[in-house]
Amino acid sequence: MADSWNTDTGEAVYRSRDAVKNLKIRVRIERVTSTAALSQHLQQHVLSQQDGGAIELETLTPQGQKGDNDEELVVGWQEKLFSQYEMELFQNESACQTPLDRQYLTEIRALNKAKGRRNHRVFTYTDHDRFTSCLPIQQLYPTDLLTTTKSGPTFLAERMASVRNRRQERRTLDSSIPKSKIVIWEPTEEFVKNSHVVNNAMQTMHIMADLAPPGRLGQKENEYLLLTIKTDGSGTVIVKPDFNKGKEPYRIVTVGEKREVWRLNVENVCTAMQPEEKEREQNMYKDLYVRHKEYLNSLVGPDFEMPPLGILRYMMNGEIVSAKGFEYDNLYIHFFMELPNNWSSLPFQSHSGVTQTCRAKTLGKENVAFFSYPFSFEAFYMSEKESEEPILQWPVIYFKVLSLDSWQRYRTEGYGYLLFPAMPGKHTITCHTWRPLQTGTVSSLRRFFIGGSPELEDPSYVRIPGTFKGERLSRFGFCTETTGSVTFNLHCIQQARAFVDATVMKKRRQKVLEQLGGFSQQGAVCTILEAFQRARKKMQDAREGLPRDLVNTTSQQHAES
């Protein structure tokens, strides 16, 4: 007859747009005794065979006062249910020291005049109860609920609990001291009345139970923590332990000679919203969002900043992500922008930058240095139909990778360049680098010991130097060595009045050059090159599909002719 228990006592986080005051929780506790377990087992066995078995087993039901062996209550958010200890404590007016205590005294007297309290063992500690922050450490961190791992309070938690208990005892002993001498803050009556409005921080509620044997209720050592509920006022509700949701009950074992076992079931019994109310709430939120959007639009204004006619505005938010494959460690990158003709930038715009020094990390078979260095750049292009350049030149990012040794001497690890992307959007580009190479052993020794290495006088030499005016650029005899690579993340935005005009006229947006006008030649050249590449690929695919004998025969005929 071994029972199965729910051992998952961790906290659960819920989010709701409804007010937390609508939260309702059903708590049921039941003592597990040998008589009750035998009765339940026999009832299930007899009922499965014949009817009326429950009547024959009524004599096995344990006798006792109502609520001694089980209790079920529906508790609302911050609903105060007094324990037997509080009922006896607050009946004495001399024990009421704060406005909250005097309020409880009035409520308890009203309960005594009426039919009494509706709870027997289960009670609550609300957020402004002084006992909420003074619970014994074994109740704040209960080990009674079965868990998969055995854990206990830390040394610091035990010391903090003793400090809270000493503060509570001092508060009782110092009742004769004037209020101006007491350092401990106490809430005023106005605060207690408006606490649900003033306190927007994390609020806590504890659902407790007095699991003492019958006739011994009202002792603090028999109080056990069943459930903790926290909310931050923004729709987040934390429940520990979680609702059962049809799973097995939790197990509570009391401390003492008998070590009684209790079942705990926790369920969410909040009233479900009607479809009409849900639709009305959704419409209210939609209306709220629309008004908030209109408010934001009023802050921005209807006027949108546009560049003048015939000018392209280019904005780039970039990131130097990483560098890998270089010979030495402690890398840093020096980069700068070069603007071709008809391009300009703002006067205060910086055209260069240097990253931080970064040590490489082994990732697979490569040594990778992660920079994550952000940069931004803004440039303007002015279209001129009578320009001498037939093809638009895009700005270029030239960069140089260097390394530092232990004596703060640098070596050149590689050069590279990157063209501004012609299309807007996000681009991840990996640029391979090379460095000048001086042959001979002396150069390698100098690079290793002294740090000197050949450098380029003009970094733009990695592409086409800006000072070059000839027709052919020869690099014959120039020795280089392939080194590593640098990865960039680029987010590009292009803005021009031509884009807006094309959208209004419902035209298909082509390339930037065609919309700005005057550079249709580049579009034609690109179209021809793309068609040539497609035709070449088709020819290669067709050649690979032919039989080998036919290909060899055709090659021999071409060689003989």
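Rules used throughout
Residues numbered from 1 in each chain as written. Predicted model: local features only at pLDDT ≥ 70, side-chain atom pairs only at ≥ 80, totals over all residues. Heavy atoms only, no water. Helix = DSSP H or I, 4+ residues; strand = E, 2+ residues; numbered from the N terminus. Buried < 20%, exposed > 50% of the residue type's maximum accessible area, 1.4 Å probe, protein only. Contact = heavy atoms within 4.5 Å. Areas by Shrake-Rupley, 256 points an atom, 1.4 Å probe, with all protein chains shown as cover. Patch = residues over 30% accessible without salt bridge, like charges linked within 9 Å, V, L, I, M, F, W, Y side chains within 5 Å. Salt bridge = Lys/Arg side-chain N within 4 Å of Asp/Glu carboxyl O. Polar contact = N/O pair within 3.5 Å; in protein donor to acceptor, adjacent residues only side chain to side chain. Pairing = 2+ DSSP bridges. Axes fitted to C-alpha atoms, helices over the stretch in contact; angles between N-to-C directions. pLDDT = per-residue confidence, 0-100.

### Points about the overall build of the protein chain
- Helix and strand counts for the protein chain stand at 14 helices and 19 strands.
- Residue burial in the protein chain is summarised as follows: out of 561 residues, 36% are buried.
- The contacts in the protein chain between residues at least 6 apart in sequence include a share of 73% that link residues at least 24 apart.
- About 36100 Å² of surface is accessible on the protein chain, with carbon and sulfur atoms providing 53% of the total.

### Concerning a nonpolar patch on the surface
- A cluster of nonpolar side chains, Y295, L296, L299 and V300, forms an exposed patch at the surface whose accessible area comes to about 430 Å².
- Looking at V300, the relative accessible area reads 68%, which means it is exposed.

### What to know about the side chain of N6
- If you trace the backbone, N6 turns up in the segment before strand 1 (12-15).
- With a relative accessible area of 10%, N6 lands in the buried category.
- At a separation of 3.1 Å, a polar atom in the side chain of N6 contacts the main-chain amide nitrogen of D8.

### What to know about the sheet that holds strand 6 (residues 223-231)
- What the 5 strands build is an open sheet, ordered 1-7-6-5-4; its pairing is antiparallel. Edge positions in the sheet fall to strand 1 and strand 4 (122-125), since each of these pairs with one other strand and no more. Ignoring strand direction, the axes of neighbouring strands in this sheet form an average angle of 25°.

### Focus on the confidence of the model for the protein chain
- On average, the protein chain scores 76 in pLDDT, and the residues at 70 or more come to 71%.
- Here residues 52-65 scores under 50 on pLDDT; set against residues more than four positions off or in separate chains, the count is 14 contacts.
- In this model residues 517-521 is a low-confidence stretch, pLDDT under 50, and it forms 9 contacts with partners more than four residues away in sequence or in other chains.

### Considering the pattern of salt bridges
- Scanning the entire structure with this criterion turns up 17 salt bridges.
- A salt bridge links K80 to D129, with the shortest nitrogen-to-oxygen separation between them at 2.9 Å. Remark: D129 occurs in the loop between strand 4 and helix 5 (137-140) and K80 occurs in the loop between strand 3 (70-76) and helix 3 (84-89); sequence separation between them is 49 residues.
- When the shortest N-O distance is used, the salt bridge between R313 and E378 registers 2.7 Å. Here the residue R313 occupies a position in strand 10 (residues 311-324), and E378 occupies one in strand 15 (residues 366-382), the gap between them amounting to 65 residues. Here R313 and E378 have matching classes, each one buried.
- Overlapping salt bridges bring together R26, R28, E30, D70, E72 and R263 as one network.

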